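Listed here are the chains, written in short residue letters.
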Amino acid sequence: MLTLLPPSEGKAPEGSGPPVGELSFPALDRARRRVLNALVRASKRRDALDVLGLTPGLAGELDKNTALKTAPTLPAAELYTGVLYDNLGLGTLEGEARRRAEESVLIFSGLWGVVRIDDRIPPYRLSMGVSLPPLGGLSAFWRPLLAKALDPVPGLVVDMRSATYAGVWQPGERSVAVRVFRAGKVVSHMAKATRGEIARDLFLHDTVPSSPEELAKILTELGRAVELTPPPRPGRAWTLDVHLS
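Residues numbered from 1 in each chain as written. Predicted model: local features only at pLDDT ≥ 70, side-chain atom pairs only at ≥ 80, totals over all residues. Heavy atoms only, no water.

Enquirer: Help me understand the overall build of the chain, please; the structure alone is not making it clear to me.
Expert: When you go through the chain residue by residue, the secondary structure sums to ten helices and twelve strands. Whereas a compact globule of 245 residues would reach a radius of gyration of roughly 18 Å, the chain reaches 18 Å, a difference of no more than 12%. Dimensions along the principal axes, computed over C-alpha positions, put the chain at roughly 55 × 40 × 35 Å. By residue count, 51% of the 245 residues in the chain fall in the buried class. Within the chain, counting contacts between residues at least 6 apart in sequence, those at least 24 apart form 68% of the total. Total accessible area on the chain is roughly 11500 Å²; 52% of this is exposed by carbon and sulfur atoms. (Helix = DSSP H or I, 4+ residues; strand = E, 2+ residues; numbered from the N terminus. Rg over C-alpha atoms; globule rule 2.2 N^0.38 Å. Buried < 20%, exposed > 50% of the residue type's maximum accessible area, 1.4 Å probe, protein only. Contact = heavy atoms within 4.5 Å. Areas by Shrake-Rupley, 256 points an atom, 1.4 Å probe, with all protein chains shown as cover.)

Enquirer: It is not clear to me how unusual backbone geometry should be interpreted in this structure. Could you clarify?
Expert: Excluding glycine, residues mostly carry a negative phi; peptide bonds, for their part, are mostly trans. Cis geometry marks the peptide bond from proline 133 to proline 134, where omega comes out at -5 degrees. Mapped onto the secondary structure, proline 134 falls in the loop between strand E6 (131-132) and strand E7 (136-137). Despite not being glycine, phenylalanine 25 has its phi angle at roughly 55 degrees, a positive value. Following the sequence through the fold, phenylalanine 25 ends up in the loop between strand E1 (2-5) and helix H1 (29-43). Unusually for a residue other than glycine, alanine 183 sits at a positive phi of about 55 degrees. Among the structural elements, alanine 183 can be located in the loop between strand E9 (175-182) and strand E10 (185-186).

Enquirer: In this structure, what is going on with the packing of helix H6 (residues 95-104) against helix H9 (residues 188-204)? I would like to understand it.
Expert: A pair of packed helices can be characterised by two numbers: the angle between their axes and the separation between those axes. Axis separation between H6 and H9 bottoms out at 8 Å; the angle between their running directions is 120 degrees. The orientation of H6 relative to H9 falls into the category oblique. Relative to H9, the crossing made by H6 is right-handed. On the side of H6, the interface is formed by Ala97, Arg100, Ala101 and Ser104, while H9 contributes Leu202, Phe203 and Leu204. A class-by-class count of the residues in the contact of H6 with H9 yields five nonpolar, one polar and one charged. (Axes fitted to C-alpha atoms, helices over the stretch in contact; angles between N-to-C directions. Parallel < 35°, antiparallel > 145°, perpendicular 65-115°, else oblique. Left-handed = near helix turned anticlockwise from the far one by under 90°. Nonpolar A, V, L, I, M, F, W, Y, C, P; charged D, E, K, R; others polar.)

Enquirer: Mind showing me how you'd approach the pattern of salt bridges here?
Expert: Opposite charge on two side chains permits pairing when their charged atoms draw close. A complete count under the given rule lists 13 salt bridges for this structure. Arginine 32 is paired through a salt bridge with aspartate 29; the nearest N and O atoms lie 2.8 Å apart. Pair noted here: arginine 32 and aspartate 29 are both in helix H1, with a separation of three residues, about one helical turn. Of the residues examined, arginine 32 reaches a relative accessible area of 3% and is grouped as buried. According to the relative accessible area criterion, aspartate 29 is partly exposed, its value standing at 22%. (Salt bridge = Lys/Arg side-chain N within 4 Å of Asp/Glu carboxyl O.)

Enquirer: Can you walk me through H9 in this structure?
Expert: An α-helix turns once per 3.6 residues; consequently, residues spaced three or four apart project the same way. Here H9 spans 25 Å end to end across 17 residues, near enough to the 24 Å set by a 1.5 Å rise per residue. The set of residues buried in H9 consists of Ala191, Ala193, Thr194, Arg195, Gly196, Ile198, Ala199, Leu202 and Phe203. (Expected span 1.5 Å × (residues − 1).)

Enquirer: Just checking my understanding: could you explain the environment of arginine 182 for this structure?
Expert: Here arginine 182 is to be found in strand E9. In sequence terms arginine 182 and alanine 27 are 155 residues apart; their C-alpha atoms lie 41 Å from each other. Setting aside its immediate chain neighbours within four residues, arginine 182 contacts Val187, Met190, Leu244 and Ser245. From its side chain, arginine 182 meets the backbone oxygen of serine 245 in a polar contact 3.2 Å long. (Polar contact = N/O pair within 3.5 Å; in protein donor to acceptor, adjacent residues only side chain to side chain.)

Enquirer: Quick question: what am I supposed to make of the pairing of E9 here?
Expert: The side chains of a regular strand alternate, residue by residue, between the two faces of the sheet. The pairing of strand E8 (residues 157-159) with E9 spans three bridges and is classified as parallel. By the bridge assignment, aspartate 159 is partnered in E9 with alanine 177. Inspection of the sheet shows E9 paired to strand E12 (residues 238-244) by seven bridges, in the parallel sense. Paired with valine 180 across the bridge in E12 is valine 242. Inspection of the sheet shows E9 paired to E10 by two bridges, in the antiparallel sense. Within the sheet, the bridge partner assigned to arginine 182 lies in E10 and is lysine 185. What sits between E9 and E10 in their antiparallel hairpin is a turn of two residues, with alanine 183 showing a positive phi close to 55 degrees. (Pairing = 2+ DSSP bridges.)

Honestly, it's all geometry; don't read function into it.
Here it is in structure tokens:
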């Protein structure tokens, strides 16, 4: 099983380990260097806030970006904070549950493409929705590279990503997109919390689902009200709607 997560805008303030080195999916390293170099240059521009889509209150993030090549790192599991990651609680998973998370979780990133939770990276600020000179839109930049790197990785895909990151890799009919509803309406803040909780429940569960039907069955057994819908056409994802009371 693969569990796809977005990054979070909230991040730990700093790392304590060596500068970024070897990461998962080394075939992406050349592209990562290109994005890193472009981000450092863009963050030094006078119009850097506009280029990166940041508000004046986030000007301090530019300093972090310009120092990325030598900045101390920390595991991705500790870097990303926010509602989803708080409810997932990667730091509190132990034993088999932690091993499952290490093998399963893929965190998508405008800077790194995709990382696993044990990959050591520094704090940064770069959304997948940015058009980064001279590379252009990062989603379009990463899409073919991630398809080549990730398409061969087997397993059911449980997709917890936000829309900005969901389009950068689409695994097709082996994927289940998790949506969260309350009173028939999509809920953003609670969706993040619920997705984190569901991911945690799956890592703690004795059975690793291998099909959309098994995924829905496990979540139902765990007390979730879910509705599974097949792909609307070949090559598209299943959807799993989680209904909150």
